[in-house]
Structure formats: C-alpha cells, structure tokens
Amino acid sequence: MSSTDTRHQLLVAASSIVEQEGPSHLTIDAVARVAGVSKGGVLYHFPTKAALIRAMVMFHMAAMDADLARAEAAEPPGPGRFVRAWLSMHSNRPPLTAERHLDMMGFITRNPELHALVSAHRREHQGRMLNDGLDPALASLLAMAAEGLGLAETLGADLVSPELRAQVMALARSMAGG
C-alpha cells in the first residue's frame with residue numbers, strides 16, 4: 001500500500017472513530033487499531049494527535065469541496081449555480097447524530113487553529129455565494145435555510161415533515177434559479 005493510501009486509510013479510521021464514538025475517543029492507539037496498522041505507522045504520517053486532527057478536518061473540508069464540485073457540475077450554468085449546488089449538497093448529506101454534531105462543534109470552537117481553518121473555509125463558500133449572480137441577501141438566506149434545516153434534523157427537532165422539507169428545498173432551488 002502506498003504512503004498516500006495509508007494516510008487516507010488513517011484519516012478514514014480517525015473519522016470513523018469521531019463519528020461513532022466522539023472526538024474524546026480519538027487517540028493514536030485507537031486510529032492504529034481501527035486502521036490495522038502499528039502506532040508507529042500512524043505517527044509516521046501524523047507525529048502528533050493535533051496533526052492528525054488538523055489533517056482530518058482538512059480531509060473533511062476537501063470531501064465537502066468535492067461534493068460541491070460534483071453538485072455544481074450537475075447544475076446548468078448561470079446565476080445561482082453555486083447556491084443550487086450548495087442546496088443539493090445539503091439535501092443529500094446524511095446528518096450526524098446530535099451528540100456527534102455538538103461534540104464536533106465544541107471541539108472545533110475550543111481549538112483556535114481548527115476554528116480559524118473551518119471559518120476560512122466557510123467564508124470561501126460564502127464568498128462564492130455572494131458572487132453567484134443572485135442578490136447576495138437571497139443567496140445567504142437560501143444557504144442558511146438549508147443549513148438550518150440540516151441542523152434541526154441533526155438535533156432531532158422534527159420541525160418539518162419530510163414532505164414540507166422537500167417543498168422548502170424545492171422552493172429554495174426555484175428561488176436560486178433552478
């Protein structure tokens with residue numbers, strides 16, 4: 001297995017631990033066990049737990065960017081293309097459990113470097129939305145509506161039925177030119 005493949009395997013293992021057990025269970029030993037490599041194998045790629053966590057956050061941001069790029073490629077060109085891709089991505093992503101979502105939010109906000117990294121990534125997306133050919137307030141409103149619905153589902157708020165959610169997302173797509 002190549003070094004790149006091993007690194008990817010380690011990031012998948014770390015992500016799995018965080019998603020299933022929470023960030024407090026993420027240790028170098030746990031990643032080695034789940035990935036089926038030695039502790040030294042993990043430390044070769046990630047000399048510290050902080051380096052592993054930073055790489056894992058970047059791994060997830062890259063996956064989100066890849067999802068967005070695929071969604072954007074599927075949208076017709078023109079105003080609102082990126083916003084429609086954002087809506088599609090948020091419509092199709094399975095939510096984390098409330099416990100994991102809150103664990104991750106708390107973990108990221110307590111770590112200034114990770115918070116800055118995630119915030120910069122989100123600002124890049126916001127910048128694309130604001131320059132997507134739609135009224136910037138409308139683009140922001142549509143993006144926040146999708147994020148809010150996703151957060152409500154994650155937290156188990158059951159604010160809207162699946163049918164109403166589908167109608168809300170269809171209306172948002174329509175308002176974004178889709």
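Structure: above.
Everything numeric in this text was worked out from a predicted model, so none of it was measured. (Residues numbered from 1 in each chain as written. Predicted model: local features only at pLDDT ≥ 70, side-chain atom pairs only at ≥ 80, totals over all residues. Heavy atoms only, no water.)

K.L.:
Sorry, what's going on with helix α9 (residues 162–175) here?
P.N.:
In an α-helix there are 3.6 residues to a turn, and that puts residues three or four apart on one side. For α9, which comprises 14 residues, the first-to-last C-alpha distance of 20 Å matches the rise-based estimate of 20 Å (1.5 Å per residue) to within 8%. Of all the positions in α9, only Arg 165, Met 169 and Ala 172 are classed as buried. The arc enclosing the buried residues of α9, seen along the axis, measures out at 55°, which places them on a common side. Turned more than 90 degrees away from the buried face of α9, the exposed residues are Glu 163, Gln 167 and Leu 171. Each element contacted by the buried residues of α9 is listed here: α5 (81–92) and α8 (136–154). Backbone geometry just after α9 places Gly 177 at a positive phi near 90°. (Helix = DSSP H or I, 4+ residues; strand = E, 2+ residues; numbered from the N terminus. Expected span 1.5 Å × (residues − 1). Buried < 20%, exposed > 50% of the residue type's maximum accessible area, 1.4 Å probe, protein only. Arc of directions from axis to C-beta. Contact = heavy atoms within 4.5 Å.)

K.L.:
Help me understand the pattern of salt bridges, please; the structure alone is not making it clear to me.
P.N.:
Pairs may arise between side chains of opposite charge once their charged atoms sit close together. As enumerated under the stated definition, the model contains seven salt bridges in all. A salt bridge links Glu 113 to Arg 54; its shortest N-O distance comes to 2.5 Å. Remark: Arg 54 occurs in helix α4 (residues 49–73) and Glu 113 occurs in helix α7 (residues 112–130); sequence separation between them is 59 residues. Between Arg 70 and Asp 67 there is a salt bridge whose closest N-O contact spans 2.5 Å. Of the two residues, Arg 70 and Asp 67 both sit in helix α4, three residues apart, roughly one turn of that helix. By relative accessible area, which is 26% here, Asp 67 ends up partly exposed. (Salt bridge = Lys/Arg side-chain N within 4 Å of Asp/Glu carboxyl O.)

None of this, on its own, says anything about what the molecule does.
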